[in-house]
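Residues per chain, in single letters:
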Amino acid sequence: MTLTGVIGGVSVDHIVRAGHPAHYDCPGGPGLYAALGARLVPGTRVRLRCELPTSVPEFSDILVAAGVDLGACAAVPEPVRVWLLDSPQGRRLVETAPPPGAEIAEADDAIVAPTPTGPEFFTGLDGLLFCSPARLDRRFGSGTVVGVDPDQTLARTRGWGYWQAVRAPSGVLLPSRVQLATVHSRPHTAATWLATRLDTLVVARLDADGAYVADPAGPSWTVRDAAVRVVDTTGAGDTMAGALVAALAAGADAATATALGVSAARIALSGIGHRALPGHSPLTAPLPGVTITKEG
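Bear in mind that the values here come from a model prediction, so they are computed numbers and not experimental data.

*Asks:* Describe the pattern of salt bridges, naming the residues involved and giving the relevant values.
*Replies:* Counted under the stated rule, the structure contains nine salt bridges. Note that D207 and R177 form a salt bridge whose closest N and O atoms lie 3.4 Å from each other. Highlighted residues: D207 in the loop between β12 (201–205) and β13 (211–214) and R177 in helix α5 (residues 177–180), separated in sequence by 30 residues. A relative accessible area of 61% means that D207 is categorised as exposed. For R177, a relative accessible area of 30% gives the class partly exposed. Here D225 makes a salt bridge to R266, at a shortest N to O gap of 2.8 Å.

Structure representation (structure tokens):
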């Protein structure tokens, strides 16, 4: 058995997709999706650090039923509530309550990572995922595989300084296509540049194009899913990140771990919100249709 920790926020989501029915009051957020993704890797125990809203017990019900350890979570009265707006022109995430005097959304990052936790959270972790961190709490052990899902706003505003701040030894950066655009207009070029400059593994999450693995110590890989059928994109990237870090912590190589992450993302994509994840059995191998291609 391996133990993977997740530090990330949760939210109540109102999912609105152009041309489809809306879905309101859906439990979501990076912490929820990443924890459910990590548990899809066989032999993985998951420990979550988030702020659980007491007014929405469904969060605890879902996570406890999935076997997630909530001992490090803090109770808060109310959740963050967000609109997830999806259209052919792009995707936006904004809080339901606007700041005083402003009806127009100004930022996409409404869900912030929870405040730091006690040192006991880091004890015994084989893997650890930080979701949208401003910085890394570096109390993790030297043998812990650390994954970082970067913060979109900080990647844009702080630039190179931010990428340096969230680099971890034995770690993996997991930028999205949008986050990579702050480095270079071509995601493969951006991922390779980050991997080389930071001397760390970078896995670019590229939506329908799968993922690109840039390893400064080895070859690069493209992972694609020819069989994916998208019902809803909410949480797929977070699910992938959780499964990928858990797979690396369990000893998988970078390409195989990424293929398992892409497989977990397919499961998330097959239902509205988190609904397809809790009942799915662990992934003993990448799903059929997920392919790994060595580049160069």
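*Asks:* Quick rundown of a nonpolar patch on the surface? Include the residues and the values.
*Replies:* Judged by side-chain polarity, Y24, W83 and L85 come together as a nonpolar surface patch covering roughly 290 Å² of accessible area. Summarising the element assignment, Y24 is placed in strand β3 (residues 23–28).

*Asks:* How would you summarise the sheet that holds strand β8 (residues 90–95) if you had to cite specific residues and measurements?
*Replies:* Ordered by their spatial adjacency, four strands build an open sheet running β3-β2-β7-β8, and the pairing between neighbours is mixed. Pairing within the sheet leaves two strands with one partner each, and these edge strands are β3 and β8. When strand polarity is set aside, the average angle formed by the axes of neighbouring strands in this sheet is 25 degrees. In this structure, strand β2 (residues 11–17) lies alongside β3, joined through four bridges in antiparallel fashion. Within β3, the residue paired with S11 across the bridge is G28. In the packing of helix α2 (residues 58–65) onto the sheet, the strands contacted are β2 and β3, and the crossing angle to β3 comes to about 50 degrees.

*Asks:* So, unusual backbone geometry: which residues are in play, and what are the values?
*Replies:* At D25, a position not held by glycine, the phi torsion is positive, near 60 degrees. Assignment of secondary structure puts D25 in strand β3. Taking relative accessible area as the criterion, D25 reaches 46% and is therefore assigned partly exposed. Look at S132: it is not a glycine, yet its phi comes out positive at around 55 degrees. Here S132 is to be found in the loop between β9 (127–131) and β10 (145–149).

*Asks:* Describe in detail the nonpolar core, supporting the description with residues and values.
*Replies:* Note on soluble globular proteins: their nonpolar side chains tend to be buried together. With 56 residues, the main nonpolar core has L48, L63, V68, L174 and V203 as its most contacted residues. Take this core: its biggest share by element is ten residues, from helix α8 (residues 254–269). Each residue touching L174, except ones within four places of it in the same chain, is listed here: L129, G147, V148, D149, P150, Q179, V203, R205, A241, L244 and V245. By size, the runner-up hydrophobic cluster in this structure holds 30 residues, among which are Y162, W163, V166 and A195.

*Asks:* Give me the lowdown on the state of the cysteines, citing residues and values where you can.
*Replies:* Here the structure, examined in full by the defined rule, presents zero disulfides. With no disulfide of its own, C73 has C50 as its nearest cysteine by sulfur position, at a separation of 3.7 Å. Cysteine C131 remains unbridged, with the sulfur of C50 as its closest cysteine sulfur at 10 Å. By relative accessible area, C131 is classed as buried at 3%.

*Asks:* Tell me about the packing of aromatic side chains, residues and numbers included.
*Replies:* Here the structure, examined in full by the defined rule, presents five aromatic pairs. Judged by centre distance (6.3 Å) and plane angle (65 degrees), the ring pair of F130 and F140 falls under edge-to-face. Of the two residues, F130 is situated in strand β9 and F140 in the loop between β9 and β10; the sequence distance between them amounts to ten residues. Both rings, one in W160 and one in W193, keep their centres 5.3 Å apart while their planes meet at 70 degrees; by these two values the pair is edge-to-face. With W160 in helix α4 (residues 160–165) and W193 in helix α6 (residues 187–198), this pair connects stretches of sequence that are 33 residues apart. For W160, a relative accessible area of 26% corresponds to the partly exposed category. In this structure W193 comes out as partly exposed when scored by relative accessible area, which is 35%. The ring of W160 has R197 lying over it, and the distance from NZ or CZ to the ring centre is 4.4 Å.

*Asks:* Describe the packing of helix α1 (residues 30–38) against helix α7 (residues 236–249), listing the residues and the values that go with them.
*Replies:* Running from N to C, α1 and α7 point in directions that differ by 45 degrees, and their axes come no closer than 7 Å. Taken together, the axes of α1 and α7 lie oblique to each other. Seen from above, α1 lies across α7 with right-handed handedness. Note on element contacts: α7 touches α1 through D238, T239, G242, A243 and A246, opposite P30, Y33, A34, G37 and A38. When its residues are assigned to classes, the contact of α1 with α7 shows six nonpolar, three polar and one charged.

Conventions adopted
- Residues numbered from 1 in each chain as written.
- Predicted model: local features only at pLDDT ≥ 70, side-chain atom pairs only at ≥ 80, totals over all residues.
- Heavy atoms only, no water.
- Salt bridge = Lys/Arg side-chain N within 4 Å of Asp/Glu carboxyl O.
- Helix = DSSP H or I, 4+ residues; strand = E, 2+ residues; numbered from the N terminus.
- Buried < 20%, exposed > 50% of the residue type's maximum accessible area, 1.4 Å probe, protein only.
- Patch = residues over 30% accessible without salt bridge, like charges linked within 9 Å, V, L, I, M, F, W, Y side chains within 5 Å.
- Areas by Shrake-Rupley, 256 points an atom, 1.4 Å probe, with all protein chains shown as cover.
- Pairing = 2+ DSSP bridges.
- Axes fitted to C-alpha atoms, helices over the stretch in contact; angles between N-to-C directions.
- Contact = heavy atoms within 4.5 Å.
- Core = buried A, V, L, I, M, F, W, Y, C linked by side-chain atoms within 4.5 Å.
- Disulfide = S-S within 2.5 Å.
- Phe/Tyr/Trp six-rings, centres within 6.5 Å; stacked < 30°, edge-to-face > 60°.
- Lys NZ or Arg CZ within 6 Å of the ring centre and 35° of its normal.
- Parallel < 35°, antiparallel > 145°, perpendicular 65-115°, else oblique.
- Left-handed = near helix turned anticlockwise from the far one by under 90°.
- Nonpolar A, V, L, I, M, F, W, Y, C, P; charged D, E, K, R; others polar.

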